[in-house]
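# Residue-level structural notes
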Amino acid sequence: MLANKRFDVFLRAATEVLDEYAKRKESLPLMIEDSIIFYYPLPMYFWFPKTNEGRRLATRAEEGMRMMIATDV
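Every residue gets a number counted from 1 within its own chain, in the order that chain's sequence is written. Only residues with pLDDT of at least 70 get local features here, since the model is predicted, and only at 80 or more are side-chain atom pairs given and counted; chain-wide, interface and lining totals rely on the full set of residues. By convention in this description, side-chain values take in all heavy atoms of the structure and omit both hydrogens and water.

### Considering the environment of Ala22
In this text, helices come from DSSP runs of H or I with a minimum length of four residues, and strands from runs of E with a minimum of two, each type numbered from the N-terminal end. By secondary structure assignment, the location of Ala22 is in helix 1 (residues 17-24). Considering only alpha carbons, one finds Ala22 and Asp8, 14 residues apart in sequence, at a separation of 18 Å.

Pasting the structure below:
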């Protein structure tokens, strides 16, 4: 749709923008806007294997995220 000029902008999350730009910059006239930020909260899911190691990692990830929430990082 961007290539066919049906829109001028398409939003990407902060975790997606650099990868998306690298993949498509040769085929599309893209640029990263650095003076506007849109904030829209979206869920992010983490998947861990159902193994002892996976459960350990899931617990560690949850503890780390709870620490970030508690300190407003």
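### Here we look at a nonpolar patch on the surface
On the surface, Val9, Leu11, Ile36, Phe38, Tyr40 and Leu42 cluster together to form a nonpolar patch covering roughly 620 Å² of accessible area. By secondary structure assignment, the location of Phe38 is in the loop between helix 1 and helix 2 (52-71). A 1.4 Å probe rolled over the protein chains alone gives each residue an accessible area, and that area as a share of the maximum for its type sets the label: buried under 20%, exposed over 50%, partly exposed in between. By relative accessible area, Phe38 is classed as exposed at 54%. Patches in this entry comprise residues that are over 30% relatively accessible and not in a salt bridge; like charges within 9 Å are linked, as are nonpolar side chains (Val, Leu, Ile, Met, Phe, Trp, Tyr) within 5 Å. Here the open area of atoms and residues is found with the Shrake-Rupley method and a 1.4 Å probe, where only the protein chains shown may cover a residue. A side-chain nitrogen of Lys or Arg and a carboxyl oxygen of Asp or Glu constitute a salt bridge if their distance falls within 4 Å.

### Observations regarding the side chain of Glu20
Relative to the helices and strands, Glu20 resides in helix 1. A relative accessible area of 15% places Glu20 in the buried class. Polar contacts here mean pairs of N or O atoms no more than 3.5 Å apart (in protein, one a potential hydrogen donor and the other a potential acceptor; neighbouring residues in sequence count only if both atoms are side-chain atoms). Side-chain polar atoms of Glu20 contact the side chain of Arg24, separated by 2.4 Å. For this analysis, residues touch if any pair of their heavy atoms sits within 4.5 Å. Those residues in contact with Glu20, other than ones at most four positions away along the chain, are Phe10 and Arg12.

### Digging into helix 2
Helix span, expected: 1.5 Å multiplied by one less than the number of residues in the helix. If you check helix 2, its first and last C-alpha atoms are 29 Å apart, about what 20 residues at 1.5 Å a residue would give, namely 28 Å. Asp72, located one to two residues past helix 2, shows a positive phi value of around 55°.

### Description of the pattern of salt bridges
This model, assessed by the stated rule, comprises five salt bridges. Measuring nitrogen to oxygen at the nearest pair gives 2.4 Å for the salt bridge that ties Glu20 to Arg24. Of the two residues, Glu20 and Arg24 are both situated in helix 1; the distance of four residues between them amounts to about one turn of the helix. We classify Arg24 as partly exposed; its relative accessible area is 38%. For the salt bridge of Glu62 with Arg66, the shortest nitrogen-to-oxygen distance reads 2.9 Å.

### So, the environment of Leu42
Tracing the backbone shows Leu42 in the loop between helix 1 and helix 2. C-alpha separation for the pair Leu42 and Ala3, spaced 39 residues apart in sequence, amounts to 27 Å.

Just distances and angles here, no functional claims.
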